[in-house]
Structures are given as C-alpha cells and as structure tokens.
Amino acid sequence: MAVVGALGAVAVAGSACAPAGPDRDGQPGAAPPPEVGSFELEEVTIAELGRQMAEGERTSREITELYLDRIEALDRQGPTLRAVIETNPDALEIAEELDRERATGTVRGPLHGVPILLKDNVATADRTTTTAGSLALEGSIPPRDAFVAVRLRQAGAVLLGKANLSEWANFRSNRSSSGWSARGGQCRNPYVLNRNPCGSSSGSGAATSANLCAAAVGTETDGSIICPASANGLVGIKPTVGLVSRSGIVPISVVQDTAGPMARTVADAAALLSGMTGRDPLDGATAGSPVPTDLGRHLEEAGAADLSGVRIGVGRQFFDRDSRVDSVMVEAIEALRSLGAEIVDPVEIAHRREVGRHEYEAMLYEFKAGLNEYLAGLGDGAPVASLADVIAFNEANAEREMPFFGQEILIEAEAKGPLTEAAYLTARGEASRLARDEGLDAVLSELRLDAILGPSGGPAWVTDLVHGDGFSVGSSGAAAVAGYPNVSVPAGHVHGLPVGVSFFGAAWSEPTLIRIAWAFEQAAPHRRPPRFRASVDEA
C-alpha cells in the first residue's frame, strides 16, 4: 500500500513545541491516561460548539482555552501523544476578536470561533512555522498563508496550531515510521499508545480523535488522509484534486496532492471541507469545480438515512488480507443494503499493480520540481533553498534527522530531471490513463455505480522504528492516482482498534459520497472515543 504521503508541507517563539529529544521511541508516558468522558468538550460537534456560542453558554476564547489545556494535558504530558508540533501563540487573541464579531451580530458561518488544527505542511504567515516536520525548515515562516489557511480564516476558524506528521509527508524513506518527524518525534495512536496512528496526516488524526481540537486539516497524495482517519476512528475526506487549493502546501505531486478534512463525524468533515474550498488563481486545478460549497446543507436536505437507488460496488480485490477486517466490511455492506442501497458484488478495478509502479516513478520527478519551487518561494532568508540542500542538511545533522531511517527517496528524487523528460511524461501519462480511463471511469460507467466500497485500512500496527511501517490492508490507491474523491468512515473495531470503510467514486462526486457516508454513519455509528491504553492487552 503506497501510503507515500499526504501532500506534502510547521513552529516559533511563544509556541508550545512537542519534545523531539531522546524520548522519541514511541513508549507510553508515565502519567496515567485521563478518564474517558472527563473532558468538557468530549466528542462535541462543530454544530454544537456553534450552538453554545450562539446561546452564550461559551465563548470562542473559552473553547479555545479548553482545547489548549487539553493539548497540554495529553500531548505534552500524560499519554504524550506528540500529535501537535506547536500551538498558535495568538489563538486566544484570535478567538477574542471572533467573539467581539459575534457580539455585534457578525457570524461568518458554521466555523466561526471553532478551533482547527492544520497539518505542519500547510503554510501560515503568522507566528507559527511551516516545516513539514523537518529541522531543515525549523523557524521558517512563509511569506503568505496557504489558500486553505486563507479560506479558514475567512470562515472564522481559530487556527489552533500545527499537527505533527510523517516528515516530508512520508516521502523520505522506504523504512520510515508513519507519524515520526524530527521536529515532533513519534506520534502515538490514542487508542493504544504503542500502536501507529498511520501517516502522513498522523497528528491531524490523533489530535482530532483525542479531542485536542474540533477538527483538523490533513493532506493526501496516496492514503495519507484515508489511512490515519481509519486508524484513529475518524471521518476523512480526500477530495477530488482541484476542489481544495494546493497553493502554499509543501508538495509531493502536482497531480495527486490535495488537502482535506479529518473529523469525528461526517457532518463535521463536510462543514470543514466547505470552509476550505474556493477558486484560487494560484492553483488552476480549482477553476472547474462544480461541487457546491455548502456540503453541510446538502446533508440536511438528505433528510432520512435512505440510500434507495444508490448503487455501490464492492471492491473484493481489496479483501482477503485480514479476515477480521473482511468481517467488518461484510457488516458494513449489510448495513448499506438495509438502507436501500443496491450492492454490486464484486467489482474489479483493472491495472492496480501497474498503476502503482508508474505512480511512484512520476512522483519522484514531481516531488523534486514541486519542492524546489516551494522552497524558492520562501525567499532569500529560507534555511534551505532546494531538495539538494535538504539532503545535505540531513547528512550534516544525521544524528537528529536520521536516527531511525534514511532519506533514500529524497536521493532518488534528486537524481531525476525536469518534468519535460520523456520518462516522466510516460510514467504520469500511463498512471493517469490506467487509473482513470481504464480503471475507475471504466468500472463506474460500465456498472452504473455511484461508489465503490473497500477497507480503508487494517487495525493499527505496533510502531517499529527499526523496521518501519506494517501496512496490510487498504484501498486508497485507485482514487488517489486518478485524483478522485474518497471518504472513510468508522466501520468497526479489531481488538479495540478502529477500522474504517472507504467510499470512492468519480471526479466531483463528493456530495454523493458524503451522503452515503452520512447515511452509513447514522445507521451504524462506530465512532468511540479513545481510551489511551498502553497496549491491546491492557484491561
């Protein structure tokens, strides 16, 4: 499973920074975990936060302060999740200003006053830095916000801080440990602390699941929203490439990269996605989106959880890797059938192996070109100016940057030429053709499907800094390479570890996929707050 990163691209004076020193081995902290349900905002939804602020029960400042205290208690102490690299030193001041707006009758929308975390590859021109988890960019403040950050500020969200991630969005080494970055250390899965949160949007997933924020922004190139959403018991939406701007986000692939929401409910994910969308002149892919900007209203209009007339194919080629996960998927299929969905079983997506080979070759070229462009845009004062500089920095600081795994993917990418080379054009052309024309488009059209179902991932593996990740189950690749949408929803548990089900479909089919995910969630609610167990055999 090529969970090679969420998209790729943060920390500064006055911010709280998770330790990245000797205690980076993923072992649980000594302090006992908090009592589940003891947090005042435990599992609270975005809509409920809005209601509380509208009725004067809480202010945005009070809500923001509660989340900051929660981060201090769980991320810096207690279980020491290491899900947050740094908090925004201006968060309380921003919340107070939004409270003043509300008091004068100005409410920007559902996100007004709601604290949101950003993955540490989403640029912000404030007092938090943007580093993609790398010490090579430590202290870097971009000249402008990423368009996603601009849109969320306009929507009234409180940008609470930066979430930890797999360094360089998991595009550094074939033996990397998801959730590890030199700046943030090893992020932990809040369900079982010695298990992995999956990457590269590991911190966004762990923080949202542990109720350190209302919701978070992740990024994906192939699997980096879907897998951590599954492993952390969340809803994750990987949008069609072009629904959400990529400008100002540390890149991997100009063709596959996208940001997306990670939340505890489908409605929350839809609300956050709505606040992130918009046409950006710096990202031409956003020009043609036909998707409505208010996906929350789309859910309200759906009314009852009825999927009559919806055709969902079962991607059986993603089964038979873990019988326990298969059992969860079978229960999900039966729940969908009970909602009136027409199940088409099985369906086969062609050329999956060939697509992965071409995808990786193309991404090596795209990463070099995209990262060099991003770093050049930081200006003359940037700590590094090119991929070659990053590689040299890592070699010079190997004890801190490469204590567990190397940078062979970075070296391989640096050896590639420009995006005009025939080898690149062939690789990307074949990946796109096989994934779209002969892959998803073909099967969706032929069988008249609204969506295809597959397992989002298996139960979280034990974090292993020696051997790296232990991916076993997943279905994200087809939609990722095609640039098509994918929604993961909690579907069950294996030994107390969450497992998600994915619904993916044609370009711009977010409203349909979100409707399916919401109906499934209503009929079969499987989200449980984490218990911060040290291991699966802990009582």
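Residues numbered from 1 in each chain as written. Predicted model: local features only at pLDDT ≥ 70, side-chain atom pairs only at ≥ 80, totals over all residues. Heavy atoms only, no water.

Asker: Pulling in residues and values, what's your account of the overall build of the protein chain?
Answerer: A count of helical and extended segments in the protein chain gives 17 helices and 13 strands. Counting only C-alpha atoms, the protein chain reaches 60 × 55 × 50 Å along its principal axes. When the accessible surface of the protein chain is split by element, carbon and sulfur atoms take 51% of a total near 18100 Å². (Helix = DSSP H or I, 4+ residues; strand = E, 2+ residues; numbered from the N terminus. Areas by Shrake-Rupley, 256 points an atom, 1.4 Å probe, with all protein chains shown as cover.)

Asker: Report on the state of the cysteines, specifying residues and quantitative values.
Answerer: For the structure on display, the rule yields 1 disulfide. Each sulfur of the disulfide joining Cys198 and Cys227 lies 1.9 Å from the other. A torsion of 105 degrees about the S-S bond marks the disulfide between Cys198 and Cys227 as right-handed. Placement of the pair is Cys198 in the loop between strand S5 (185-186) and helix H6 (202-209) and Cys227 in helix H7 (residues 226-231), with a sequence separation of 29 residues. Given the relative accessible area of 6%, Cys227 is considered buried. This cysteine, Cys187, is not joined by any disulfide, and Cys198 carries the nearest cysteine sulfur, 11 Å off. (Disulfide = S-S within 2.5 Å. Buried < 20%, exposed > 50% of the residue type's maximum accessible area, 1.4 Å probe, protein only.)

Asker: Please provide a residue-by-residue account of the packing of aromatic side chains, values included.
Answerer: A full pass over the atoms with the stated rule returns 9 aromatic pairs. Centroid distance Trp180 to Phe404: 5.9 Å. Interplanar angle 90 degrees. Geometry classified as edge-to-face. Taken together, the positions of Trp180 in strand S4 (residues 180-181) and Phe404 in the loop between helix H13 (398-401) and helix H14 (408-414) put the pair 224 residues apart, joining distant regions of the chain. Note on Trp180: relative accessible area 1%, which makes it buried. Cluster of aromatic residues (ring-pair linked, three or more members): Phe171, Tyr360 and Phe367. (Phe/Tyr/Trp six-rings, centres within 6.5 Å; stacked < 30°, edge-to-face > 60°.)

Asker: Explain a negative patch on the surface to me, using residue names and the numbers behind them.
Answerer: A contiguous patch of negative charge on the surface is contributed by Glu62, Glu65, Asp69 and Glu72. Checked against the element boundaries, Glu72 lands in helix H2 (residues 60-76). (Patch = residues over 30% accessible without salt bridge, like charges linked within 9 Å, V, L, I, M, F, W, Y side chains within 5 Å. Salt bridge = Lys/Arg side-chain N within 4 Å of Asp/Glu carboxyl O. Lys, Arg positive; Asp, Glu negative; His and termini not counted. Charge placed at Lys NZ, Arg CZ, Asp CG, Glu CD.)

Asker: How would you explain the sheet that holds strand S3 (residues 158-163) if you had to name every residue and give the values?
Answerer: Sheet architecture is open: 11 strands sit in the order S1-S3-S2-S6-S8-S7-S12-S13-S11-S9-S10, paired in mixed fashion. Every interior strand has two partners, whereas the edge strands, strand S1 (84-87) and strand S10 (342-347), have only one. Recorded for the sheet is a direction-independent mean angle of 30 degrees between the axes of neighbouring strands. Pairing of strand S7 (residues 235-238) with strand S12 (residues 486-494) involves 3 bridges; the strand directions are antiparallel. Across the sheet, residue Lys238 finds its bridge partner in S12, namely Asn486. Running at roughly 20 degrees to S12, helix H17 (residues 510-523) makes contact with S7, strand S9 (311-315), strand S11 (451-455), S12 and strand S13 (497-504) of the sheet. (Pairing = 2+ DSSP bridges. Axes fitted to C-alpha atoms, helices over the stretch in contact; angles between N-to-C directions. Contact = heavy atoms within 4.5 Å.)

Asker: Give me the lowdown on the nonpolar core, citing residues and values where you can.
Answerer: Residues Leu152, Leu336, Leu453, Phe503 and Phe520 are the most contacted members of the largest nonpolar core, which totals 118 residues. Apart from residues no more than four positions distant in its own chain, Leu336 is found in contact with Leu307, Ile312, Ala341, Ile343, Leu453, Phe503, Ile516 and Phe520. Counting residues in hydrophobic clusters, the runner-up holds 19 residues, among them Val344, Ile349, Ala435 and Val481. (Core = buried A, V, L, I, M, F, W, Y, C linked by side-chain atoms within 4.5 Å.)

Asker: Tell me about the pattern of salt bridges, and name the residues and values.
Answerer: Throughout the structure, instances matching the rule amount to 25 salt bridges. For Glu167, the salt bridge identified is with Arg172, shortest N-O distance 3.2 Å. Under the relative-accessibility criterion, Arg172 is labelled buried at 1%. Close ionic contact of Arg311 with Glu342 constitutes a salt bridge, the shortest N to O distance being 2.7 Å. Of this pair, Arg311 sits in strand S9 while Glu342 sits in strand S10, and the two are 31 residues apart along the sequence. In this structure Glu342 comes out as partly exposed when scored by relative accessible area, which is 41%.

Asker: So, H6: which residues are in play, and what are the values?
Answerer: The α-helix advances 3.6 residues per turn, and as a result positions three or four apart in sequence lie on the same side. Judged by how many residues are buried, H6 sits mostly within the fold: 8 of 8 residues are covered. Those residues of H6 that sit buried are Ser202, Gly203, Ser204, Gly205, Ala206, Ala207, Thr208 and Ser209. On the buried face of H6, the contacting elements are S1, strand S2 (115-119), S3, strand S6 (215-220), H7 and strand S8 (258-263). Two residues or fewer past H6, Asn211 is found with a positive phi of approximately 60 degrees.

Asker: Give a detailed account of empty space enclosed by the protein, specifying residues and quantitative values.
Answerer: Roughly 70 Å³ of internal volume is contained in the largest cavity. If you go around the largest cavity, the residues you meet are Cys198, Cys227, Ser230, Ala231, Gly457, Gly458, Pro459, Ala460, Trp461, Phe471, Ser472 and Val473. Here the lining of the largest cavity is built from residues that sort into 8 nonpolar, 4 polar and no charged. (1 Å grid on protein atoms, 1.4 Å probe; cavity = no way out; pocket = protein on both sides within 12 Å on 5 of 7 lines; lining within 4 Å. Points joined across faces, edges and corners; volume = space filled by probe spheres on them. Nonpolar A, V, L, I, M, F, W, Y, C, P; charged D, E, K, R; others polar.)

Asker: Any chance you could break down helix H1 (residues 46-54) for me, citing the residues and the numbers?
Answerer: Within the sequence span of H1, burial applies to Ile46, Leu49, Gly50, Gln52 and Met53. The buried residues of H1 occupy one face: seen down the axis, they fall within an arc of 160 degrees. Residues of H1 that are exposed and point over 90 degrees away from its buried face: Ala47 and Ala54. Elements in contact with the buried residues of H1: H2, helix H3 (91-103), S6 and helix H8 (266-276). Phi turns positive, to about 75 degrees, at Gly56, one or two residues after H1. (Arc of directions from axis to C-beta.)

Asker: Can you break down the packing of H8 against H17 residue by residue, with the values?
Answerer: Contact pair H8 / H17: the axes reach a minimum separation of 9 Å and the direction vectors enclose 155 degrees. One way to sum up the angle between H8 and H17 is to call them roughly antiparallel. For the pair H8 and H17, the contacting residues are Val266, Ala270 and Leu273 in the first and Ile514, Ala517, Trp518 and Glu521 in the second. Of the residues that constitute the contact of H8 with H17, the class distribution is 6 nonpolar, no polar and 1 charged. (Parallel < 35°, antiparallel > 145°, perpendicular 65-115°, else oblique.)

Asker: Tell me about the confidence of the model for the protein chain, residues and numbers included.
Answerer: Low pLDDT means the predicted atomic positions in that stretch should not be read closely. The predicted model of the protein chain has a mean per-residue pLDDT of 93, with 93% of residues at 70 or higher. Below pLDDT 50 for its whole length, residues 1-30 participates in 145 contacts with residues either more than four positions away or in separate chains. (pLDDT = per-residue confidence, 0-100.)

Asker: Report on unusual backbone geometry, specifying residues and quantitative values.
Answerer: Residues Gly199 and Ser200 are joined by a peptide bond in cis, for which omega reads 10 degrees. Within the secondary structure, Ser200 is located in the loop between S5 and H6. Residue Pro346 is bonded to the preceding Asp345 through a cis peptide linkage, with omega at 5 degrees. Note on placement: Pro346 falls in strand S10. Despite not being glycine, Glu43 has its phi angle at roughly 60 degrees, a positive value. Within the secondary structure, Glu43 is located in the segment before H1. For Glu43, a relative accessible area of 25% translates into the label partly exposed. Positive phi values are uncommon outside glycine, yet Arg448 reaches one of about 55 degrees. With respect to the element layout, Arg448 can be found in the loop between helix H15 (422-446) and S11. Here Arg448 falls in the exposed class, since its relative accessible area comes to 56%.

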